[in-house]
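# Commentary on secondary and tertiary structure
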Amino acid sequence: MSDLVRQGSRAPVPASGENRYKAVQAKLRKFGRALDSLADDLEALRRDMRVNAARARGTAIAIDNADLDSKFVVLTDQVADALGAAANSVKDLGDSAREVATETYQAKRLHAKLYQTLDDIRSNRSEKTPKPAFFTR
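Here, residues in each chain are numbered from 1, in the same order as that chain's written sequence. Local features in this predicted model are restricted to residues of pLDDT 70 or higher, and side-chain atom pairs are both shown and tallied only at a pLDDT of 80 or more, whereas totals for entire chains, interfaces and linings draw on every residue. Note that water and hydrogens are dropped before the side-chain values are worked out from all heavy atoms of the structure.

Before going further, it helps to spend a moment on the pattern of salt bridges. The term salt bridge refers to a pairing of a side-chain nitrogen on Lys or Arg with a carboxyl oxygen on Asp or Glu at a separation within 4 Å. Counting across every chain of the model gives seven salt bridges. Linking Glu-43 and Arg-47 is a salt bridge whose minimum nitrogen-to-oxygen distance equals 3.7 Å. Residue Glu-43 and its partner Arg-47 are located together in helix α1 (residues 21-65), separated by four residues, close to a single helical turn. Taken together, the shared-partner salt bridges connect Glu-43, Arg-46 and Arg-47 into one network. To qualify as a helix, a DSSP run of H or I must reach at least 4 residues; to qualify as a strand, a run of E must reach at least 2; elements of each kind are numbered from the N terminus.

Attention now goes to the layout of surface pockets. Computed from the structure, the largest pocket encloses a volume of approximately 230 Å³. As for the largest pocket, its lining consists of Asn-19, Arg-20, Tyr-21, Lys-22, Val-24, His-111, Tyr-115, Leu-118, Asp-119, Arg-122 and Ser-123. The leading source of residues in the lining of the largest pocket is helix α2 (residues 70-123), at six residues. Each residue is assigned to one of three groups, with Ala, Val, Leu, Ile, Met, Phe, Trp, Tyr, Cys and Pro labelled nonpolar, Asp, Glu, Lys and Arg labelled charged, and all others, Gly among them, labelled polar. In terms of residue class, the lining of the largest pocket is built from four nonpolar, three polar and four charged. Cavities and pockets are defined on a 1 Å grid built over the protein atoms alone: a cavity is a set of grid points where a 1.4 Å probe fits but cannot escape, while a pocket is an open set with protein on both sides within 12 Å along at least five of seven lines, and lining residues are those with an atom within 4 Å of any such point. Grid points are joined across faces, edges and corners, and a volume is the space filled by probe spheres set on the points.

Written out as structure tokens, the structure is:
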């Protein structure tokens, strides 16, 4: 199995119907952490791809210096170009993951700002509270 696929490293956030304040906060925290981890993994992948592109470029030069068939030089050089382009795409994907993680943490803070006080009130009193839409009948 590849180092890129780690079993159990990031469990998916279950899409349950649980919408209590603490459950939403936990889901947002877990999602943000998963995105941070993904961005870190993508950065490591990008660095490895850059190293492999440089190695392929060096191999193409070595093939050329050995006076082997030029088609192998061209093919190896194309591999280096493809790895470089793929590394750029991985960088863009990692940047997007970091941006979404940042927005997730902002959403978590906004959710806390809007609902934490209400949750504290509802959680700390002994009386039952009416269900949502109880008074709209």
